[in-house]
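# Reading the structure
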Amino acid sequence: MPAKVVVVGSLNMDLVTRASRLPRGGETLVGQSFATVPGGKGANQAVAAARLGADVAMIGCVGSDAYGAQLRDALLVEGIDCQAVSEVEGSSGVALIVVDDSSQNAIVIVAGSNGQLTPASLLAFDAVLQAAEVVVCQLEVPMDTVGYVLKRARALGKTVILNPAPASGPLPADWYAAIDYLIPNESEASALSGVPVDSLDSAKVAATHLLNAGAGKVIVTLGSQGALFANGQGFEHLLAPKVQAVDTTAAGDTFVGGFAAALANGQGEAEAIRFGQVAAALSVTRAGAQPSIPMLHDVQGFARP
């Protein structure tokens, strides 16, 4: 069956430590636990879309180390098409994650094999993009690769989603016209727009800036405060479900994957956002990245008790 959602992006092994709080500069803390967990924003979003009802293919690179095989196998178990997940020489991507007792996290990413996903390497997998209905990108692979995918997906007439994470500054100006849905969180919206986002009103200002830059529609995720949807005609603030958070590591990725899956399955924008919000809310009640991502029946049960 052709993939309805194609995710182009990173695969990382997450090295997760829990501690009572995040360390300060130069400080050594005694941790509470350690685990290796498959992650990476691209892989997380692919797993989320697959668990939440979409046919999914992944395009990315893993290393020739032991982590590479584990990362690929984790996607295959989810039924994700991995024909375009290539093994390259060297180490896989890793993310060093510390989670504190309040469920906040600090993350350091080493790109590894993700840095070898180039526009040239994507030419062999153009048929995968052609089979998509929705194409999803993030920023954990080289920027020229992301730009190539956005523009190629637009040329193919696909629905294009960019989750600009991690973001440290504005996007290239020529990207915006290729983006149907730009989905930043508060800090990413600030980095992209230059507008400090610390309230719903400032999120509206940032979203307007991004729309004026050429993005089709903007969804600013606001954590426990929900999400702001902006389409140029107005704004809609969609409140988040209330849950007790344990670990927020993959919440944003779960939202993006759930939103993409819902769109691919014919849901309207507001309905797809609410679907993604329920999935993200469920994910923060569980520890880990991919292990925390809920299944379709979990979301359906939560949304319609």
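Residues numbered from 1 in each chain as written. Predicted model: local features only at pLDDT ≥ 70, side-chain atom pairs only at ≥ 80, totals over all residues. Heavy atoms only, no water.

On to the layout of surface pockets. By rolling a water-sized probe across the atoms, one finds the places where empty space is left. In this structure, the largest pocket spans a volume of roughly 1200 Å³. Together, 42 residues line the largest pocket, and Asn185, Thr248, Thr249, Ala251 and Gly252 are the ones closest to its centre. Taken together, the elements giving at least two residues each to the lining of the largest pocket come down to strand E2 (12–18), helix H1 (41–51), strand E6 (93–99), strand E7 (105–110), helix H6 (186–193), helix H8 (251–264) and helix H9 (269–283). (1 Å grid on protein atoms, 1.4 Å probe; cavity = no way out; pocket = protein on both sides within 12 Å on 5 of 7 lines; lining within 4 Å. Points joined across faces, edges and corners; volume = space filled by probe spheres on them. Helix = DSSP H or I, 4+ residues; strand = E, 2+ residues; numbered from the N terminus.)

In the structure shown here, the tally under the stated rule is zero disulfides. Between cysteine 61, a cysteine without a disulfide, and cysteine 82, which holds the nearest cysteine sulfur, the sulfur-to-sulfur distance is 12 Å. Unpaired in terms of disulfides, cysteine 137 finds its nearest cysteine sulfur in cysteine 61, a separation of 14 Å. (Disulfide = S-S within 2.5 Å.)

In this structure, the amide linkage connecting alanine 165 to the following residue, proline 166, adopts the cis form with an omega of -5°. The topology assignment puts proline 166 in the loop between strand E9 (159–162) and strand E10 (181–182).

All right, on to the pattern of salt bridges then. Two side chains carrying opposite charge are able to pair once their charged atoms lie near each other. Going through the model one piece at a time under the given rule, you end up with ten salt bridges. Notably, a salt bridge pairs glutamate 27 with arginine 24, separated by 3.7 Å at the nearest N-O pair. For arginine 24, a relative accessible area of 55% corresponds to the exposed category. Several salt bridges converge on common partners, so that one network encompasses Arg21, Arg24 and Glu27. (Salt bridge = Lys/Arg side-chain N within 4 Å of Asp/Glu carboxyl O. Buried < 20%, exposed > 50% of the residue type's maximum accessible area, 1.4 Å probe, protein only.)

As a further point, take the UniProt feature "binding site: K(+)" (unreviewed entry) in the protein. With numbering aligned to this structure, UniProt lists the feature "binding site: K(+)" (unreviewed entry) at Asp247, Thr249, Ser283, Arg286, Gly288 and Ser292. These annotated residues cover 46 residues of sequence, and their C-alpha atoms lie no more than 9.6 Å from one another, placing them together at a single site. Among the residues just listed, Thr249 line the largest pocket. Residue position: serine 283 is located in helix H9. Not counting the four nearest positions on each side in its chain, serine 283 is found in contact with Asp247, Ala250, Ala251, Thr254, Ser292 and Pro294. Mapped onto the elements, serine 292 comes out in the loop between H9 and helix H10 (296–303). Under the relative-accessibility criterion, serine 292 is labelled buried at 0%. Not counting residues up to four positions away in its chain, the partners in contact with serine 292 are Ala250, Leu282, Ser283, Arg286 and Ala287. (UniProt positions renumbered as here; feature names shortened; annotations may be inferred. Contact = heavy atoms within 4.5 Å.)

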